[in-house]
Amino acid sequence: MKKVVIYISVLLIAVIQLSNVTAQQKSIKQKVDSVLRSMTLEEKIGQLNQYNDDWKATGPVTVDNDKANQIRKGQVGSLLNCLGTERTRSWQNIAMQSRLKIPLLFGQDVIHGYKTTFPIPLAEACSWDLDAMQLSARIAATEASASGIHWTFAPMVDIARDPRWGRVMEGAGEDPYLGSKIAYARVKGFQGNKLGDVNALMACAKHFAAYGAAIGGRDYNSVDMSDRMLWETYLPPFKAAVDAGAATFMNSFNDINGVPATGNKYLQRDILKGKWGFKGFVVSDWGSIGEMINHGNVKNEYEAALSAITAGSDMDMESRCYKKNLVQLVKDKKVAVALIDDAVKRILTKKFELGLFDDPFKFCDTERERQALNNPEHAKAARAIAAKSIVLLKNQNNLLPLSKNTRTIAFIGPLVKPLRQNKGFWDIEIPGIDSNFIVSQWEGLQNKLGTNTTLLYAKGCNIEGTTKDGFAEAVEIAKQADVVILSIGERRDMSGEAKSRSMLNIPGVQEDLLAALLATGKPIVVLINAGRPLVFNYTADNAPAILYTWWLGSEAGNAIADVLFGDYNPSAKLPITFPVSVGQIPIYYSHFNTGRPATNDNSHNYNSSYNDVSIFPKYEFGYGLSYTDFQYSNLQLSKKKMKVNEEIEVIVTITNTGKYDGEEVVQLYLRDKVGSIARPVKELKDFKKIKLNIGESKTVKFIIGKEKLSFYNQQLQWVVEPGDFDLMIGASSRDIRLKDNFEVVK
Ligand code: GLC
């Protein structure tokens, strides 16, 4: 009896909560309809218009000196790149002078932190720690929302398999499964418990879609892609973002097979708003509506506006095509007012959900801003995930971790002392706020080491350029040291938007500097700082120890020191393939087998190998070392045959057989041996990150259900086909430790 009472009361609570949510949504709908009824056509179009504030441009700028007047007339719905409670308050005050007092939305690229800078997203993805990435986004949202911002243009969820594309730094790498999990976590992090909470930011899944597949890795370039590749590889992280409740989407600059995303009805209406039922709104990327003229799909801005609004682009970032043409398009009966109303309702709904109609200044609390931007817990979280983002690529003779009692260390290289370099691209410089609170790599070691250690410094060379004048000094201090740490890499702004590179070498003479230091015979640890996979075969083949440190943000120096001296045992795994040469690109692990599978036996017999380089990458997807060792054993499947609607339980034991406590990312790959469409030689279908103390064993469990077996068939239906599957458990996509197989039966 007691159980029945409990069950009924739980059910009642759930019904009440659901009805509250429904009631709230209903009331917002009524409020939106009420505001819409009072709006003129010009005011409706004003809501679709977004301008850049004057602080900083993140695209080609159109100078507009009468923003204030336009806002007063209700002709602007949103501003981007407007920071701080004071500045946002001042613009919002002007919006409150408009006839209907519709509040402005303030958007910002809060990509990897706001005042506290976190590692660049591709570095964080190396952690495979979804909770840590969600926390990173949560803290970014807490700081940015306290600083007047309502909306971040993040997470960027573009799958990217071409490191020549500079924006690879902004996403989660090459894999749709890992990318989808990370997209979900980041949306949840940014948006928090619910929109309307004062520390919640609207997320924006971008760039919809397939922007990362730009031909030649050249930013903004065309994308030539089958529907299958689109659905199987590039759309899943966007679907995950919808499932996570992403409030907004941003479309992409590229065309897909000749149709620009901004004017792509199939993408924005059929898939996103239709099949996926997305209720938020889509903002165009900077000027992309007007850029359809360049694409050659429309003749002028009038046609561009028609194409974009018809295709489902709701808000116009910085092109002014809507402002200048929609009224005429309605008069010419080319655009129905209903189409504009749909876009306006989507935008007003978000403004109501954020609570901006009740209090347009709720995010402009200077005291909350002061507290949020000075919370030491944020730096701690940044330091923790930064350490988890550092990939141990090589550790010959266990040179690492270094002893804190090392007598003399020579810390050399052009990236030892700079501050802002550690922030990477898409960092935020907040007017009036000191951003030089970055812990440099030099400072990080000073913080870590006591007076027992002498820390010597030499720059050695610049990041770019040919001069070797600094080599002699660097070699001299290396000779005095017990160990050398060399910090080299790209400049922070060599990766990011519009940063395509045709060569991926470490710039300048930095590897020559390494050669000069190796000649001293001293043990050398190399730190490589970059926003993308680089090609560094000399370093990889000659340096005894290598840490890929990416760009780690505010706490870079402390995190690097934590790993160097063993206070954190590196656990990161690569979310993207590192090629041996640019010539291998595109190269990724989940490739098809082909009719003449590549071998690596240099036979050069009729197969799909290269004649001049290995078919294998330098470092594969999922690769990363630890200071300890992990043994994989006792793989068991609950059954060897399963029906489509059944499940198989997979268990495996992992043991820490080394000398350090550590974490391991246990990866599960499947191969569907035969399909009506060829299936990849392996696909990541699950992973677990576990912590194991020295000598400790844990059993890891995976469940295989039909979702993990499905793929898009010839008709693009999501199906499971009976047949044999290989199952692989690996420490990377190539380091497969245990195998088994099973059959799916009708
Ligand atoms: C840029 C980027 C986009 C960003 C927007 C606003 O061009 O493509 O990712 O959110 O403009 O800065």
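Residues numbered from 1 in each chain as written. Predicted model: local features only at pLDDT ≥ 70, side-chain atom pairs only at ≥ 80, totals over all residues. Heavy atoms only, no water.

Visitor: Before we move on, could you go through the overall build of the chain and cite the residues and values that matter?
Guide: Secondary structure summary: the chain contains 22 helices and 26 strands in total. Radius of gyration (C-alpha) of the chain: 27 Å, near the 27 Å computed for a compact globule of 746 residues. By its C-alpha atoms, the chain is 75 × 65 × 65 Å across when sized along the principal axes. The contacts in the chain between residues at least 6 apart in sequence include a share of 78% that link residues at least 24 apart. In the structure as shown, the chain presents an accessible area of about 28500 Å², 51% of it carried by carbon and sulfur atoms. Both charge centroids of the chain, one from 90 positive and one from 82 negative side chains, sit 4 Å from each other. (Helix = DSSP H or I, 4+ residues; strand = E, 2+ residues; numbered from the N terminus. Rg over C-alpha atoms; globule rule 2.2 N^0.38 Å. Contact = heavy atoms within 4.5 Å. Areas by Shrake-Rupley, 256 points an atom, 1.4 Å probe, with all protein chains shown as cover. Lys, Arg positive; Asp, Glu negative; His and termini not counted. Charge placed at Lys NZ, Arg CZ, Asp CG, Glu CD.)

Visitor: Break down the nonpolar core for me, with residues and values.
Guide: Core analysis: the largest hydrophobic core is formed by 148 residues, its most contacted members being Phe249, Ile412, Leu517, Phe536, Tyr548 and Trp550. Composition of this core by domain shows at least three residues from each of domain 1 (2–368) and domain 2 (385–584). Counting 30 residues, the second-largest nonpolar core is a separate cluster that includes Val416, Leu445, Leu527 and Ala561. (Core = buried A, V, L, I, M, F, W, Y, C linked by side-chain atoms within 4.5 Å. Buried < 20%, exposed > 50% of the residue type's maximum accessible area, 1.4 Å probe, protein only. Domains from an automatic or database assignment.)

Visitor: Hey, could you go over the environment of Met317 for me, with residue numbers and the actual values?
Guide: You can see Met317 is positioned in strand E10 (residues 316–317). For Met317, a relative accessible area of 2% translates into the label buried. In the structure, Met317 is positioned 53 residues away from Asn264 in sequence and 17 Å away in space, judged by C-alpha atoms. The residues touching Met317, leaving out its near neighbours within four places in the chain, are Gln50, Leu80, Phe153, Met250, Val283, Ser284, Asp285, Trp286 and Gly287.

Visitor: Outline the site of the ligand, listing residues and values.
Guide: Near the ligand you find 13 residues, and of these Thr58, Asp109, Arg167, His207 and Asp285 are the closest. One nitrogen or oxygen atom from the side chain of Asp285 is found 2.6 Å from an oxygen atom belonging to the ligand. A total of 310 Å² of accessible area belongs to the ligand in isolation, and the protein chains cover 100% of it. Counted by class, the shell around the ligand contains six nonpolar, two polar and five charged residues. (Near = heavy atom within 4 Å. Polar contact = N/O pair within 3.5 Å; in protein donor to acceptor, adjacent residues only side chain to side chain. Nonpolar A, V, L, I, M, F, W, Y, C, P; charged D, E, K, R; others polar.)

Visitor: Give me unusual backbone geometry: which residues, what numbers.
Guide: Residue His207 is reached from Lys206 by a cis peptide bond, and omega for that bond is 0 degrees. A cis amide bond links Ile585 with the next residue in sequence, Pro586, at an omega value of 5 degrees. Tracing the backbone through its elements, the reader meets Pro586 in the loop between helix H21 (556–564) and strand E17 (630–637). One non-glycine residue, Asn81, lies in the positive phi region at around 60 degrees. Relative to the helices and strands, Asn81 resides in the loop between strand E2 (78–80) and helix H4 (85–95). Among the residues examined, Asn81 registers a relative accessible area of 0% and is labelled buried. Look at Asn397: it is not a glycine, yet its phi comes out positive at around 55 degrees. Checked against the element boundaries, Asn397 lands in the loop between strand E11 (391–395) and strand E12 (408–412). Overall, the relative accessible area of 75% leaves Asn397 in the exposed class.

Visitor: Which residues make up the sheet that holds strand E15 (residues 524–529), and what are the values?
Guide: The sheet built from six strands is open, its strands ordered E11-E16-E15-E14-E12-E13 with mixed pairing. In the strand order of this sheet, the two ends are held by E11 and strand E13 (454–458), each with one partner. Direction aside, neighbouring strands of the sheet carry axes that sit 15 degrees apart on average. Strands in contact with H21 are strand E14 (483–489), E15 and strand E16 (545–548); relative to E15, the strand with the most contacts, it is inclined by about 145 degrees. (Pairing = 2+ DSSP bridges. Axes fitted to C-alpha atoms, helices over the stretch in contact; angles between N-to-C directions.)

Visitor: Now, about the pattern of salt bridges: what can you tell me, with residues and values included?
Guide: Evaluation of the coordinates by the stated rule reveals 48 salt bridges. A salt bridge links Asp53 to Arg87; its shortest N-O distance comes to 2.4 Å. You can see Asp53 sitting in the loop between strand E1 (49–52) and helix H3 (67–72) and its partner Arg87 sitting in helix H4, a full 34 residues away along the chain. Between Asp243 and Lys239 there is a salt bridge, and its shortest N-O distance comes to 2.7 Å. Placement of the pair is Asp243 and Lys239 together in helix H9 (residues 236–243), with a separation of four residues, close to one helical turn. By relative accessible area, Asp243 is classed as partly exposed at 46%. For Lys239, a relative accessible area of 30% gives the class partly exposed. Counted as one network, the salt bridges with shared partners bring together Asp109, Arg167, Glu170, Lys206 and Glu497. (Salt bridge = Lys/Arg side-chain N within 4 Å of Asp/Glu carboxyl O.)

Visitor: Describe the packing of helix H7 (residues 176–191) against H9, naming the residues involved and giving the relevant values.
Guide: The geometry of H7 relative to H9 is characterised by a closest axis approach of 8 Å and an angle of 30 degrees between their N-to-C directions. With respect to H9, the axis of H7 lies roughly parallel. Relative to H9, the crossing made by H7 is right-handed. Side by side, H7 and H9 meet where Pro176, Gly179, Ser180, Ala183, Tyr184 and Val187 of the first sit next to Pro236, Pro237, Ala240, Ala241 and Asp243 of the second. Tallied by class, residues from the contact of H7 with H9 come to eight nonpolar, two polar and one charged. (Parallel < 35°, antiparallel > 145°, perpendicular 65-115°, else oblique. Left-handed = near helix turned anticlockwise from the far one by under 90°.)

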